[in-house]
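The residues making up each chain are set out below.
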Amino acid sequence: ADCRYTCHQECRSLIQLDCRRPGQGQGQLSPESTLLPPCSQNVTQTVEEEKPEPPTVQEIKQKIEKYNARVTNCLLMKLNEDGTYTGFIKVHLKLRRPVTVPAGIRPQSIYDALKEVNLAEMTDKRTSFYLPLDAIKQLHISSTTTVSEVIQGLLKKFMVVDNPQKFALFKEMRKDGQVLFQKLPLTEYPLYLRLLAGPDTDVLSFVLKENETGEVEWDAFSIPELQNFLMILDKEEKDKIQQVHRKYERFKQRLQQTLKEARGKPG
């Protein structure tokens, strides 16, 4: 009312007002009188009100027929009698850090896959391993398969024993020459997104990356895993410092060479 300062409700604890009330030498203005309602309240309500209705079985059937008409690699979607449908998605693995896998385990055979044998449970020995950069894995999933289940399925196929919370599934989109990434919630259905976007992976593709949004529950990891994280971060920090040193060393050499050449020129 006096200093015209405003803030949001959730910012209240961070505010320390320094202005004085008129006519009072020691009184400090109370933050309660200048609070605004939370900025996200109306936005959340609007999103919920505008949430589209789920498509009917007939609409899904039409979308699947349209999708299959554009497929060129025989990876068709199939509508089931109960209204669900199955299809394929491709996931790019863009992991910059090593994953934990069982040590000394043979590759999974067709027999193991059919019998759903979990080779990771056959040994307690662990080792770190870098997955091939930008590897692509094709999954056959259902319309009821969630992002969480896709992540767990990918880790199982590569025999990765790390906590699934370390990873996140993103959708990659291309718009106006730019590549955009958006993290998908764990309850999202990737096959439905694939159906809406069509089979063209240039329009939409899925990417598995490290979860670096601060949502990882670090208490769920063991001490050796946390120590491994610190070693990796320390190495990345040293590599980054060396890159900066080399960059400015090259700049310094070019600058010295330019000054040396300029000394012999008039003016």
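Residues numbered from 1 in each chain as written. Predicted model: local features only at pLDDT ≥ 70, side-chain atom pairs only at ≥ 80, totals over all residues. Heavy atoms only, no water.

### With respect to the overall build of the protein
When you go through the protein residue by residue, the secondary structure sums to six helices and ten strands. Classification of the 267 residues of the protein by burial places 27% in the buried group. Looking at the protein alone, contacts between residues at least 24 apart form 67% of all its contacts between residues at least 6 apart. Counting every atom, the protein has about 19300 Å² of accessible surface; 52% of that belongs to carbon and sulfur. (Helix = DSSP H or I, 4+ residues; strand = E, 2+ residues; numbered from the N terminus. Buried < 20%, exposed > 50% of the residue type's maximum accessible area, 1.4 Å probe, protein only. Contact = heavy atoms within 4.5 Å. Areas by Shrake-Rupley, 256 points an atom, 1.4 Å probe, with all protein chains shown as cover.)

### Here we look at helix 5 (residues 190-197)
For helix 5, a buried count of six out of eight residues is recorded, marking the element as mostly surrounded by other parts of the structure. When we look at burial in helix 5, the residues that qualify are Pro190, Leu191, Leu193, Arg194, Leu195 and Ala197. Buried positions along helix 5 lie against helix 2 (57-70), strand 4 (85-93), strand 7 (135-142), helix 4 (147-157), strand 8 (167-175) and strand 10 (205-210). In the segment just after helix 5, Gly198 is the residue with positive phi, at about 90°.

### What to know about the packing of aromatic side chains
Scanning the model with the defined rule gives zero aromatic pairs in all. The ring of Phe170 has Lys209 lying over it, and the distance from NZ or CZ to the ring centre is 5.2 Å. Its guanidinium or amino end placed over the ring of Phe181, Lys209 lies 4.5 Å from that ring's centre, counting from NZ or CZ. (Phe/Tyr/Trp six-rings, centres within 6.5 Å; stacked < 30°, edge-to-face > 60°. Lys NZ or Arg CZ within 6 Å of the ring centre and 35° of its normal.)

### Points about the pattern of salt bridges
Working definition: two side chains of opposite charge can pair if their charged atoms are close together. All told, the structure shown has six salt bridges when counted by the stated rule. Measuring nitrogen to oxygen at the nearest pair gives 3.4 Å for the salt bridge that ties Arg97 to Glu236. Taken together, the residues Arg97 in the loop between strand 4 and strand 5 (99-102) and Glu236 in helix 6 (residues 223-263) connect sequence positions 139 residues apart. Lys238 serves as the salt-bridge partner of Asp234, at 3.4 Å between the closest nitrogen and oxygen. With Asp234 and Lys238 both in helix 6 and four residues apart, the pair spans about one turn of that helix. Judged by relative accessible area, Lys238 falls into the partly exposed class, the value being 48%. (Salt bridge = Lys/Arg side-chain N within 4 Å of Asp/Glu carboxyl O.)

### Notes on unusual backbone geometry
Backbone phi values are negative for most residues with the exception of glycine, while trans is the configuration of most peptide bonds. Its identity as a non-glycine residue notwithstanding, Cys74 has a phi of 70°, on the positive side. Backbone geometry at Met159 places phi at a positive 55°, although glycine is not the residue there.

### Topic: the nonpolar core
Considering soluble globular proteins, one finds that nonpolar side chains tend to be buried as a cluster. Ranked by size, the top nonpolar core spans 31 residues in total, and within it Ile89, Val91, Phe167, Leu169 and Phe206 carry the most contacts. Residue assignment for this core shows that the elements contributing at least two residues are helix 2, strand 4, strand 5, strand 7, helix 4, strand 8, helix 5 and strand 10. For this core, the leading source of residues is helix 4, giving five residues. Once you skip the residues sitting within four places of it in the chain, Phe206 turns out to touch Ile89, Lys90, Val91, His92, Leu169, Phe170, Leu184, Pro190, Leu193 and Arg194. (Core = buried A, V, L, I, M, F, W, Y, C linked by side-chain atoms within 4.5 Å.)

### Looking at the side chain of Ser205
Take Ser205: it is sitting in strand 10. In this structure Ser205 comes out as buried when scored by relative accessible area, which is 6%.

### Notes on the pairing of strand 4
For strand 4, a buried count of seven out of nine residues is recorded, marking the element as mostly surrounded by other parts of the structure. In this sheet, strand 4 lies alongside strand 3 (residues 78-79) in antiparallel orientation, the contact comprising two bridges. For Lys78, the partnering residue across the bridge sits in strand 4 and is Thr86. Connecting strand 3 to the antiparallel partner strand 4 that follows it, the hairpin turn spans five residues, and Gly83 within it adopts a positive phi of roughly 95°. The pairing of strand 4 with strand 7 spans eight bridges and is antiparallel. (Pairing = 2+ DSSP bridges.)

### Details of the side chain of Asp162
Of note, Asp162 is situated in the loop between helix 4 and strand 8. For Asp162, the side chain forms a polar contact with the main-chain nitrogen of Thr100, separated by 2.7 Å. With residues up to four places along the chain from it excluded, the contact list for Asp162 reads Val99, Thr100, Leu155, Phe167 and Glu225. (Polar contact = N/O pair within 3.5 Å; in protein donor to acceptor, adjacent residues only side chain to side chain.)

### Examining the confidence of the model for the protein
Per-residue confidence for the protein averages 77 on the pLDDT scale, and 68% of its residues sit at or above 70. Across residues 21-49 the pLDDT falls below 50, and counting only partners more than four positions away or on other chains, this stretch makes 37 contacts in the model. (pLDDT = per-residue confidence, 0-100.)

### Observations regarding the pairing of strand 9 (residues 178-183)
Across six bridges, strand 8 lies against strand 9 in antiparallel orientation. Counted as the bridge partner of Arg174 is Val179 from strand 9. The hairpin formed by strand 8 and strand 9 contains two residues between the paired strands, and Asp176 there has a positive phi angle of roughly 55°.

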